[in-house]
Amino acid sequence: MTQKPLILIDGSSWLFRAFYALPPLANARGEPTGMVYGFGNMLRKLCKDFAPERIAVVFDPPGPTQRNQVYAEYKANREETPEALTSQFPHVMTLIEAMGFPLITVANEEADDVIGTLTVAARQRGIPVLIVTSDKDMAQLVDGDVKLLDTMKGRTLDAAGVTEKFGVPPERIVEYLALVGDTSDNIPGVPLVGPKRAADLLNQYGSLDQVIANAAGVKGKVGENLRASLGIIPLAKQLATIRCDLELPLGIDDLVPKPSDDARLRELYRRMGFNRWLEELGAEPAAAPDAPGTVAPPAAADAAPASASPRTRAEAVTEWNALEAMLQRLSQATLISVDTETDSLCSMEANLVGLSFAIEPGHGWYVPLAHNYLGAPPQLPMAEVLARVKPLLEDPRKAKVGQHIKYDLNVLHRHGIEVQGVAFDTMLESYVLDAANQRHDMDSMALTHLNHQTIRYSEVAGKGKGIIPFNQVPVDGAAEYAAEDADITLRLHHALHPKVSAVAPLKKVFDTIEMPLVPVLARIEQNGVKVDVPLLKRISTELAHRMEALQRECWECAGGEFNLGSPPQLTEILYDRLKLPVLAKTPKGQPSTGEDALEQLASQHPLPRLILDWRALSKLRSTYSDQLPLAVNRHTGRIHTSYHQAVAATGRLASQDPNLQNIPIRTEEGRRIRQAFVPEPGNALVSIDYSQIELRLMAHLSHDPLLTQAFRSGMDVHQATAAEVFGFPPDQVPADKRRAAKAINFGLMYGLSAFGLAKQLGIARGEAQGYMETFFQRYAGVKAFMDGTRELARRQGWVETLFGRRLYLKDINSRNAAVRQYAERTAINAPLQGSAADLIKLAMIDAQAFLDREHPDIRMILQVHDELVFEGPAPRMKELGGLLADRMCRITRLDVPLVADWGFGENWDESHAAEGHASSN
């Protein structure tokens, strides 16, 4: 009979995982409970999965340890532990003891060393060991009967798994860490030597000693840094080495779990409000439950206030002394809520009508500037008011908050004010907290989080045919509406930002991605893009001629004239006259003439394909060649799209008015439209596009060896997949098999079924099923990642990106199979698409800072998914293309190279011709 392993839980690691993994749940007293609940959940699952006979939970002691005596700066960079964590720690201790688990903390000794000592003691007695941790240092303890378990990722690592994950075997982990260093523990490493480089050096030379001995032969900047770090490497190695010879208060035979103390558990569960667990113990629920058994997103963790919040005390500022008094108060405030009132929703066309401010809940000022209806009261002159508020708004030391503040930045930019100090946006706070399951407009958020019914725009400006522009709204009503906007924005910030701050990954996304991106997007929108209007008109004429020709072909196929844009007429032609089979129906049960239905029918008759071609040209003409000239701003002569941050659940940006992200690039007609996007005379465009970013992220997240090796070796990954799935030598893959492999790569990674793949490739379902099985056999790491992600999503209710963005999946455990399967596909898609979205956002932030610092005459003018487009003086753009592409590849480090292709040209299409590419290698 196989002996059960000794389970050693790295309690310190678990504490932080539990604290940051769950939203800030609280009991009826307002005490935080999320960490206790998360820790208990992990313990309960571990017991269910392993029924351990020997187990211990090991914690770091308070204060310094032996490593601090060796290196005073050890862990000195760590921030102060959040109060919400320390306050829950005693309850976690109570939980562990009441559940009957041995608990170990040794003064002056780290949990790693305690676990190392117990591991060696167990192995000497032939007892296998399972170390439960997410700490990479522990990988050095792995051998044949010692494994690591990361419960959050659901992954167990043996020696082969360690080698696959880190690139070196367990016996080289200490040397690997000595080269890489550890920022979390403040262990110094060799600058520019990351995980991949460290593994390459150790594999090339065999050991750390040999790396040091051959340091003189290591080339480039890495070699320089290695030689400069030779004195620090021994210290780093000493700090990274787990000690296994401690004197411990408990031995292996003391690590037997005891029966649980149900009385203590009942007392703890009642205090925490863990009603489901109370019921399992046969106890009555707590009086005021929080129901943490259902994990809610942070935004929903606290119910809305029972009573409505007070109305705003609005103050209209129409006198100079009132303005001066307001400015005095604003200058003393630590945070200013700012809002603009205008006569248009388009920020690049809008004229300023008034400004509103708030610095304390319940009160707001409104400064009317351009209400010009008959009988409007006197107002302060706009130019002089703006001159007075300009220093305050442009002061970077004065923090500002707004709701969708990018709009206000653009409006004020048009009026000569460059707002600085933008610290918070309530729309983005709501979006980061829970992107998918709530609305992020102010009216909805006020009702949800403040139980406040705001004054609706229609109440002051009317609606339908009777709507009036804001400059026609009476000043009294406008003041109540506008002052409330600023006040409610401030109140929402006070309600939402603590929730963002309570979840470290979300705070990081907010602080390092979403908020820094706001002024960058504002700048891109202000820059706009130039289009060749005469060329667009010629393209529109060309498309009209081609549509007429296609229409004639359609009439010939149908045996008579009909309206190609009429679904009823097309239904009659396809199904009554031509007797084509009904392969799909509308929700009302009628035969479908949608794109999917026509694609299926295209193999049976030429008419469906002609209709599809006609529709594609019609869409291009109506959406782009006819409409883009109408979108040219009369003041700037350029098109200014709006980029929306708080739309896609995965974090992707959306372009609107006009949408410039959906112009086809693979069709001749789409490329023709792109040729109309041009620079100003004397300028040129550079386009930079991340190459296969989501597939590279899949390789990084799944650690699949074949996929990882394909990218590391620079292979065409679709060709590599075709070779694996269809059995061709890599250099002899036919073009059609590569296309099929591309569909397989992208389709299966996002949960495409055998039916969907068969439909996409035009093959039998059984054949598609065979391709899927072969793919997952070859790419077992991808399959494991997908299965693990689904399981993780079911357990915790959310998934996250590489950078910490979360997507909550309320339907992941739905009893409805179709709904649940959609949530599962979303769970797999979100970490990939969301990480790619975060990456391009970080690249935009970095690129704008670089341009501001060194090339202020170069403008970023477009973002299209994984692509950025820049405009500047033609003589310098070719050189800058390579520099910017190189920066984009260094935004983050993956297990595979990040690659960005770039091109240079006199129009957008021409700039897609590859001039070169950059790589993080």
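Thresholds applied
Residues numbered from 1 in each chain as written. Predicted model: local features only at pLDDT ≥ 70, side-chain atom pairs only at ≥ 80, totals over all residues. Heavy atoms only, no water. Helix = DSSP H or I, 4+ residues; strand = E, 2+ residues; numbered from the N terminus. Expected span 1.5 Å × (residues − 1). Pairing = 2+ DSSP bridges. pLDDT = per-residue confidence, 0-100. Contact = heavy atoms within 4.5 Å. Buried < 20%, exposed > 50% of the residue type's maximum accessible area, 1.4 Å probe, protein only. Axes fitted to C-alpha atoms, helices over the stretch in contact; angles between N-to-C directions. Salt bridge = Lys/Arg side-chain N within 4 Å of Asp/Glu carboxyl O. Phe/Tyr/Trp six-rings, centres within 6.5 Å; stacked < 30°, edge-to-face > 60°. Lys NZ or Arg CZ within 6 Å of the ring centre and 35° of its normal.

Trainee: Help me understand helix 22 (residues 504-527) in this model?
Mentor: Owing to its 3.6 residues per turn, the α-helix brings residues three or four apart onto one side. With 24 residues, helix 22 should cover 34 Å at 1.5 Å per step; its first-to-last C-alpha distance of 34 Å lies within 8% of that length. Downstream of helix 22 by one or two residues, Gly528 has phi in the positive range, about 65°.

Trainee: Please explain unusual backbone geometry as it appears in this structure.
Mentor: What is expected of a backbone is that most residues other than glycine have negative phi and most peptide bonds are trans. For the peptide bond that leads from Asp657 to Pro658, omega is -5°, which places it in the cis range. The residue Pro658 is located in the loop between strand 15 (654-656) and helix 27 (668-674) in this model. One non-glycine residue with positive phi stands out, namely Asn108, at about 70°. Its place among the elements puts Asn108 in the loop between strand 3 (103-104) and helix 6 (111-124).

Trainee: How do you make sense of the sheet that holds strand 3 when you look at a structure like this?
Mentor: Sheet strands line up and pair through hydrogen bonds in the backbone, either parallel or antiparallel. Strand order in this open sheet of six strands is 3-2-1-4-5-6, and the pairing throughout is mixed. The two strands at the open ends of the sheet, each matched to only one other strand, are strand 3 and strand 6 (155-157). Where strand 2 (residues 54-58) lies against strand 3, two bridges are found, and the strand directions are parallel. From the neighbouring strand, Val58 faces strand 3, where its bridge partner is Ile104.

Trainee: So what exactly am I meant to see when it comes to the confidence of the model for the protein chain here?
Mentor: Low pLDDT marks stretches whose predicted atomic positions should not be read closely. Residue-level pLDDT values for the protein chain average 88, and 95% of them are 70 or greater. pLDDT under 50 marks residues 287-295. Its contacts with residues more than four places away, or in other chains, come to 18 contacts. Note on residues 300-307: pLDDT is under 50 here. Beyond four places in sequence and across chains, it has 12 contacts.

Trainee: Would you mind showing me how to read the pairing of strand 8 (residues 335-342) here?
Mentor: Every regular strand shows the same layout, with side chains that alternate between the two sheet faces. The buried count for strand 8 comes to eight of eight residues, which makes it a mostly enclosed element. Along strand 8, one buried face is formed by Leu335, Ser337, Asp339 and Glu341 and the opposite face, lined by Ile336, Val338, Thr340 and Thr342, is buried too. Where strand 8 meets strand 11 (residues 399-402), three bridges bridge the pair, whose relative direction is parallel. Within strand 11, the position partnered with Ser337 by the bridge is Val401. The sheet contact formed by strand 8 and strand 9 (residues 352-358) spans six bridges and is antiparallel. Directly across from Thr342, in strand 9, lies its bridge partner Leu352.

Trainee: Looking at this structure, I do not really get the sheet that holds strand 9. What am I missing?
Mentor: One open sheet accounts for six strands, arranged 7-10-9-8-11-12; its pairing is mixed. Of all strands in the sheet, those with a lone pairing partner are strand 7 (313-316) and strand 12 (422-425), marking the two edges. When the angles between neighbouring strand axes are averaged without regard to direction, this sheet yields 30°. On the sheet, helix 15 (residues 320-332) packs against strand 8, strand 9 and strand 10 (363-368) and is oriented at approximately 130° with respect to strand 10.

Trainee: What's the story with the pattern of salt bridges in this structure? I'm lost.
Mentor: A side chain of one charge can pair with a side chain of the opposite charge if their charged atoms are brought near each other. Within this structure, the stated rule accounts for 48 salt bridges. Residue Arg523 is joined to Asp852 by a salt bridge in which the shortest nitrogen-to-oxygen separation is 3.0 Å. In this pair, Arg523 is assigned in helix 22 and Asp852 in helix 35 (residues 817-854), connecting sequence segments 329 residues apart. Through salt bridges that share partners, Lys530, Arg638, Glu680, Arg859 and Glu871 make up one connected network.

Trainee: Sorry if this is basic, but what is going on with helix 6 here?
Mentor: The terminal C-alpha atoms of helix 6, which comprises 14 residues, lie 20 Å apart, in line with the 20 Å expected from a rise of 1.5 Å per residue. In terms of burial, helix 6 is largely enclosed, as 10 of its 14 residues are buried. When we look at burial in helix 6, the residues that qualify are Ala111, Asp112, Asp113, Val114, Ile115, Gly116, Thr117, Leu118, Thr119 and Ala122. For helix 6, the elements touching its buried residues are strand 1 (6-10), strand 2, helix 3 (66-70), strand 3, strand 4 (129-132) and strand 5 (146-150).

Trainee: Whenever I open this one, the packing of aromatic side chains confuses me. Can you help?
Mentor: Between two aromatic rings, the relevant description is the distance of the centres plus the angle of the planes. Counted according to the given criterion, the structure contains 16 aromatic pairs. Each ring, one from Tyr37 and one from Trp277, has its centre 4.9 Å from the other, and the planes form 20°; the classification is stacked. Taken as a pair, Tyr37 in helix 2 (residues 34-50) and Trp277 in helix 14 (residues 275-280) lie far apart in primary sequence, 240 residues in all. With a centroid separation of 5.2 Å and an interplanar angle of 85°, the aromatic rings of Phe775 and Phe776 are classed as edge-to-face. Here Phe775 and Phe776 have matching classes, each one buried. By the ring-pair criterion, three or more aromatic residues cluster together here, those being Trp14, Phe39, Phe59 and Phe89. Here the basic side chain of Arg806 rests over the ring of Trp798, its NZ or CZ set 3.8 Å away from the ring centre.

Trainee: When you look at the pairing of strand 2 in this model, what are you seeing that I'm missing?
Mentor: Most of strand 2 is tucked away: five of the five residues are buried. Residues of strand 2 alternate between two faces, with Arg54, Ala56 and Val58 on one and Ile55 and Val57 on the opposite face, all of them buried. Of the pairings in the sheet, the one linking strand 1 to strand 2 comprises five bridges and is parallel in character. Bridged to Ile9 within strand 2 is Val57.

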